[in-house]
Amino acid sequence: MTHLPPSDKALVPFVSVDHMMQLIHRIGVEEMLRGLAAYIEADFKRWQLFDKTPRVASHSAEGVIELMPTSDGDVYGFKYVNGHPKNTAEGLQTVTAFGLLADVASGYPVLLSEMTLLTAMRTAATSALVARTLAPKDSTVMAMIGNGAQSEFQTLAMKAICGLKEVRLYDIDTAATRKCAANLADAGVTVTSCSTAEEAILGAQIITTCTADKQYATILTDNMIGSGVHINAIGGDCPGKTELAPAILHRAEIFVEYPEQTRIEGEIQQLAEDHPVTEIWQVLNGQAAGRRSEEQITLFDSVGFAIEDFSALRYVRDQLQETGLYDALDMLADPDDPRDLFGMLRRARPS
Ligand code: NAD
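What counts as what
- Residues numbered from 1 in each chain as written.
- Predicted model: local features only at pLDDT ≥ 70, side-chain atom pairs only at ≥ 80, totals over all residues.
- Heavy atoms only, no water.
- Pairing = 2+ DSSP bridges.
- Helix = DSSP H or I, 4+ residues; strand = E, 2+ residues; numbered from the N terminus.
- Axes fitted to C-alpha atoms, helices over the stretch in contact; angles between N-to-C directions.
- Contact = heavy atoms within 4.5 Å.
- Near = heavy atom within 4 Å.
- Polar contact = N/O pair within 3.5 Å; in protein donor to acceptor, adjacent residues only side chain to side chain.
- Areas by Shrake-Rupley, 256 points an atom, 1.4 Å probe, with all protein chains shown as cover.
- Buried < 20%, exposed > 50% of the residue type's maximum accessible area, 1.4 Å probe, protein only.
- Salt bridge = Lys/Arg side-chain N within 4 Å of Asp/Glu carboxyl O.
- Phe/Tyr/Trp six-rings, centres within 6.5 Å; stacked < 30°, edge-to-face > 60°.
- Patch = residues over 30% accessible without salt bridge, like charges linked within 9 Å, V, L, I, M, F, W, Y side chains within 5 Å.
- Lys, Arg positive; Asp, Glu negative; His and termini not counted.
- Charge placed at Lys NZ, Arg CZ, Asp CG, Glu CD.
- Expected span 1.5 Å × (residues − 1).
- Disulfide = S-S within 2.5 Å.
- Core = buried A, V, L, I, M, F, W, Y, C linked by side-chain atoms within 4.5 Å.

> Before we go on, may I ask you to explain the sheet that holds strand S2 (residues 56-59) in this structure?
Read across the open sheet, the seven strands follow the order S2-S3-S4-S5-S6-S1-S17; overall the sheet is mixed. With partners counted over all chains shown, the strands left at the sheet margins are S2 and strand S17 (327-330), one partner each. Neighbour-to-neighbour, the strand axes of this sheet turn through a mean angle of 20°, independent of strand direction. For strand S4 (residues 75-83) and strand S5 (residues 97-103), the ladder comprises seven bridges, and the chain directions are antiparallel. Residue pairing in the sheet places Phe78 in a bridge with Leu100 of S5. Across the sheet, helix H1 (residues 17-27) touches strand S1 (11-15), strand S6 (109-114) and S17, and the angle it forms with S1 is around 65°.

> Sorry if this is basic, but what is going on with the site of the ligand here?
In the neighbourhood of the ligand, 24 residues make up the surrounding shell, with Thr94, Asp171, Asp237, Lys241 and Ser302 lying closest. Arg122 places a side-chain nitrogen or oxygen 3.2 Å from an oxygen atom of the ligand. In the environment of the ligand, an oxygen atom lies 2.8 Å from a nitrogen or oxygen atom belonging to the side chain of Asp237. The fraction of the free accessible surface of the ligand (860 Å²) that becomes covered by protein chains is 88%.

> Teacher, can you tell me more about unusual backbone geometry here?
Only a minority of non-glycine residues have a phi that is not negative, and only a minority of peptide bonds are not trans. The backbone of Asp138 sits at a positive phi, close to 60°, despite the residue not being glycine. Secondary-structure assignment places Asp138 in the loop between helix H3 (116-134) and strand S7 (141-145). Assessed through its relative accessible area of 68%, Asp138 is described here as exposed.

> Any chance you could explain the environment of Thr116 here in plain terms?
Position of Thr116 among the secondary structure elements: in helix H3. For Thr116, a relative accessible area of 23% corresponds to the partly exposed category. On a C-alpha basis, the gap between Thr116 and Asp103 in space is 23 Å, while along the polypeptide they are 13 residues apart.

> Teacher, can you tell me more about the sheet that holds strand S12 (residues 230-233) here?
Strand pairs in the sheet, formed through backbone hydrogen bonds, run parallel or antiparallel to each other. Pairing is parallel in the open sheet, where eight strands are placed in the order S9-S8-S7-S10-S12-S16-S14-S15. Only two strands of the sheet have a single neighbouring strand rather than two, namely strand S9 (190-193) and strand S15 (278-279). By the bridge criterion, four bridges tie strand S14 (residues 252-256) to strand S16 (residues 297-301) in an arrangement that is parallel. Bridging from a neighbouring strand, Phe255 pairs with Phe300 of S16.

> Which parts of the structure should I look at to understand the pattern of salt bridges?
Two side chains of opposite charge can pair, provided their charged atoms sit close to one another. For the structure shown, the criterion picks out 20 salt bridges. With a shortest N-O distance of 3.2 Å, Glu31 and Arg34 are connected by a salt bridge. Taken together, the positions of Glu31 and Arg34, both in helix H2 (residues 29-44) and three residues apart, correspond to about one turn of that helix. Overall, the relative accessible area of 43% leaves Glu31 in the partly exposed class. Overall, the relative accessible area of 36% leaves Arg34 in the partly exposed class. Measuring nitrogen to oxygen at the nearest pair gives 2.6 Å for the salt bridge that ties Asp222 to Arg251. On the criterion of sequence distance, the pair formed by Asp222 in the loop between strand S11 (216-220) and S12 and Arg251 in helix H7 (residues 246-251) is long-range, its members being 29 residues apart. Since its relative accessible area comes to 29%, Asp222 is described here as partly exposed. Ionic contacts of the salt-bridge type, sharing partners, join the residues Asp43, Arg46, Asp72 and Arg314 into one network.

> Before we go on, may I ask you to explain the packing of aromatic side chains in this structure?
Aromatic rings in a pair are described by how distant their centres are and how their planes are angled relative to each other. Counting across every chain of the model gives seven aromatic pairs. In this structure an aromatic cluster arises from ring pairing among Phe44, Trp47, Tyr258, Trp281 and Phe305.

> Sorry, what's going on with a negative patch on the surface here?
Together, Asp8, Asp330, Asp334 and Asp336 line one region of the surface with negative charge. With respect to the helices and strands, the residue Asp334 is situated in the loop between S17 and helix H11 (341-347).

> How should helix H4 (residues 151-162) be read in this particular structure?
Here H4 is twelve residues long and its end C-alpha atoms lie 16 Å apart, about the 16 Å a rise of 1.5 Å per residue gives. Taken across its twelve residues, H4 has ten buried, putting it largely inside the fold. Turning to H4, its buried residues number three or more, namely Ser151, Glu152, Phe153, Gln154, Thr155, Leu156, Ala157, Met158, Ala160 and Ile161. Backbone geometry just downstream of H4 places Gly163 in the positive-phi region, at approximately 80°.

> Is there a simple way to think about H2 in this case?
Residues separated by three or four positions in an α-helix point in the same direction, a consequence of the helix having 3.6 residues per turn. Helix length check: H2, at 16 residues, gives a terminal C-alpha distance of 22 Å against a target of 22 Å (1.5 Å per residue), a fit within 8%. Among the residues of H2, Met32, Leu33, Gly35, Leu36, Ala37, Ile40, Glu41, Asp43 and Phe44 are the ones counted as buried.

> I would appreciate a short explanation of the state of the cysteines in the present structure.
When the sulfur atoms of two cysteines share a covalent bond, that bond is a disulfide. The tally for this structure, following the rule as stated, stands at zero disulfides. Looking at Cys210, it has no disulfide partner, and the nearest cysteine sulfur is the one in Cys180, 9.9 Å off. For Cys210, a relative accessible area of 12% corresponds to the buried category.

> I tried to follow the nonpolar core on my own but got confused; where do I start?
One broad trend across soluble globular proteins is that nonpolar side chains are buried collectively. If you look at the biggest cluster of nonpolar residues, it comprises 68 residues, and the most contacted ones within it are Met20, Met32, Leu36, Phe44, Leu118 and Val167. When sequence neighbours within four positions are dropped, the list of residues in contact with Phe44 reads Ile280, Trp281, Leu284, Asn285, Ile307 and Glu308. One finds Ala143, Ala197, Leu249 and Leu299 within the second-largest nonpolar core, a separate group that totals 29 residues.

Just geometry here; none of it tells us what the structure is for.
Set out below in structure tokens:
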């Protein structure tokens, strides 16, 4: 197999789930999380260049299917992603995804990739990038509430990027906690399994909520949250799907990716439309303050934004040449004469 991205523009490099797993292992999970965080930070710092729109969501009783497009003017990208909390009971993932990058000048795709694993990696890298910016200095303990598919990635990113030393796990399903604890057994962090959310947050400077339930859930109540913590709220990412009691939102300084999308999907859908929030790209750029005091509660109301996927796809594309971990996909018609599409079809007629 060639180790160069195909020079034939009609062949599109495709990164399968198998190739993505090989790529992550070859680079190393924590090294790749750091790499993704660096790409996301670089793109957040040039935020104004991007075309931005809330994601296009198609809701059903059971879940949601979404398209997440963006462009920096040279490259266009989108992700297809679903969110179906009931799927795990049927042996299916809650979240699956794939994504594409295209050359704006020609409109030709230049990368197609699996993004189920990549979404878990980019979500974790974003969480840790934001926690590094907002969490109390020298945070070493995180409560991880919701121990499903995202949870190990979240923990490893906090270790790789923020220096996490202990994770305290809680899930309503003890099998999920056992799975997460087993997966993290040799990760180099102390893993403590807890039997309540209250127990999990004891001594934690960072509290991550990453549960999946298509309703206004209350994973954290106001009395559980002491001063000075950083809350990384991942699971409330859809209209009618939240995790935090509104009183916590009124006590916290709230940081978001793209307000226009977060007001539809995030925890702040529970607040008035003009409730002040800070855009995280402005903090990374030095244009807005992050944490202002040791007592302040900071909240990252994460919903996942298209630019993070664009950054992740850009990162993967930059690894292709060195690793060769892709297939060249015949997905674009390529007639000898661009106007003779029908002639190409005729010549392929079975004799
Ligand atoms: P998952 O279904 O694999 O895991 C969710 C876990 O939450 C399950 O183990 C479930 O038992 C647990 N849970 C449900 N209710 C709970 C409760 N009340 N208390 C404690 N635990 C509870 O899902 P996942 O792939 O890990 O995703 C988790 C959430 O994160 C989903 O809601 C998903 O939509 C969201 N998500 C957000 C982003 C983002 O960028 N913000 C990215 C990916 C996923």
